[in-house]
Amino acid sequence: MSAPGGTRRVPEAADFGPGLLRAVFRRHAAGVAVITARGRGRPAGFTATSLASVAAEPPLVSFNIATASSVWPAVAEAEHVGIHILGEHQRELAATFARPGADRFAPPTRWRPGPHGVPVLEGVLAWLVCAVVARVPTGDHRVVLAEVVDGDPSGAGRPLLYHAGDYGALGERGAPR
């Protein structure tokens, strides 16, 4: 942050809170995934941009979920979760799974019960079913670590991205458009 005259301004203590974190990460482009779980009596799912590959051996992934989320109780109890990589053609699907109170598995969402009873979304670029191995408390969220047990990477298309509060796609040579 520059002050008048080009000198660097030292941020106030208040500048180092959730607002700063949100502002910085709005500048970070991330892939878009939907996480699903069986839930009690009905499937549950949410849109995530926190998906990360953790290790190749054993194959582990992680994602974050807010404990205040309506989906947290299902993920907290799930032995397995589904991870779906969305394509640029699936902006509305991402928005549906991000919208509080939405009936996320109602039409036009297409899905089927997959391995271990996990809801698997159709038409995605790739999906995994993973066994949950840990739920790590981290502030108002949990980091979920899960080991890959099944999946399919063969969907067609290009990835959906999230940047500056909106969904987008890759442009020429990988540049956001």
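Scroll up a little and you will see the structure.
Residues numbered from 1 in each chain as written. Predicted model: local features only at pLDDT ≥ 70, side-chain atom pairs only at ≥ 80, totals over all residues. Heavy atoms only, no water.

What follows covers the sheet that holds strand β12 (residues 166-169). If you trace the three strands from one edge of the open sheet to the other, you get β1-β11-β12, paired in antiparallel fashion. This sheet does not close on itself; its edge strands, each paired only once, are β1 (30-31) and β12. Bridge analysis of strand β11 (residues 160-163) against β12 gives four bridges, and the strand direction is antiparallel. Residue pairing across strands places Tyr 162 opposite Tyr 167, the latter belonging to β12. Each of β11 and β12 is contacted by helix α3 (residues 91-98), which is oriented at about 155° to β12, the strand it contacts most. (Pairing = 2+ DSSP bridges. Helix = DSSP H or I, 4+ residues; strand = E, 2+ residues; numbered from the N terminus. Contact = heavy atoms within 4.5 Å. Axes fitted to C-alpha atoms, helices over the stretch in contact; angles between N-to-C directions.)

Before going further, it helps to spend a moment on the sheet that holds strand β6 (residues 80-85). Pairing in this open sheet of seven strands is antiparallel, and the strands run β3-β2-β6-β9-β10-β5-β4 from one edge to the other. Both outer strands of the open sheet, β3 (44-48) and β4 (52-55), are each paired with one neighbouring strand and no more. The mean inter-strand angle of the sheet, taken between neighbouring strand axes irrespective of direction, is 35°. Examined bridge by bridge, strand β9 (residues 126-138) and strand β10 (residues 141-152) share eleven bridges and lie antiparallel to one another. Along β10, the bridge assignment pairs Cys 130 with Val 148.

A few words on the nonpolar core. Counting residues in each nonpolar core, the largest one holds 19 residues, and the members touching the most others are Ile 35, Phe 46, Phe 63, Ile 65, Val 75 and Val 81. Every element with two or more residues in this core is listed here: β2 (33-37), β3, β5 (60-66), α2 (72-77), β6, β9 and β10. Setting aside chain neighbours within four positions, we find Val 75 in contact with Phe 46, Phe 63, Ile 65, Arg 135 and Val 144. Of all hydrophobic cores here, the second largest spans 15 residues; its members include Val 32, Phe 105, Val 120 and Val 129. (Core = buried A, V, L, I, M, F, W, Y, C linked by side-chain atoms within 4.5 Å. Buried < 20%, exposed > 50% of the residue type's maximum accessible area, 1.4 Å probe, protein only.)

This brings us to the packing of aromatic side chains. Applying the stated criterion to the full structure yields four aromatic pairs. Ring geometry for Phe 97 versus Phe 105: centroids 5.2 Å apart, planes at 85°, classification edge-to-face. What makes Phe 97 buried here is its relative accessible area of 1%. One aromatic cluster in this structure is built from Phe 97, Phe 105 and Trp 111. (Phe/Tyr/Trp six-rings, centres within 6.5 Å; stacked < 30°, edge-to-face > 60°.)

Turning our eyes to something else, we now look at the side chain of Ser 62. Residue placement: Ser 62 occurs in strand β5. In this structure Ser 62 comes out as buried when scored by relative accessible area, which is 11%. Here Ser 62 is in contact with Ser 50, Leu 51, Ala 52, Val 54, Val 143, Val 144 and Leu 145, once residues within four sequence places are set aside.

Further remarks concern the environment of Phe 105. Checked against the element boundaries, Phe 105 lands in the loop between α3 and β7 (111-113). C-alpha separation for the pair Phe 105 and Pro 43, spaced 62 residues apart in sequence, amounts to 7.3 Å.

On to unusual backbone geometry, then. Cis geometry is found at the peptide bond from Glu 57 to Pro 58, where omega equals -5°. Here Pro 58 is to be found in the loop between β4 and β5. A cis geometry characterises the amide bond from Pro 107 onward to Pro 108, with omega recorded as 20°. As for its position among the elements, Pro 108 is in the loop between α3 and β7. Look at His 116: it is not a glycine, yet its phi comes out positive at around 60°. Positionally, His 116 belongs in the loop between β7 and β8 (119-121). Residue classification places His 116 among the partly exposed positions, given a relative accessible area of 45%. Although it is not a glycine, Ala 164 adopts a positive phi angle of roughly 55°. On the secondary structure map, Ala 164 appears in the loop between β11 and β12.

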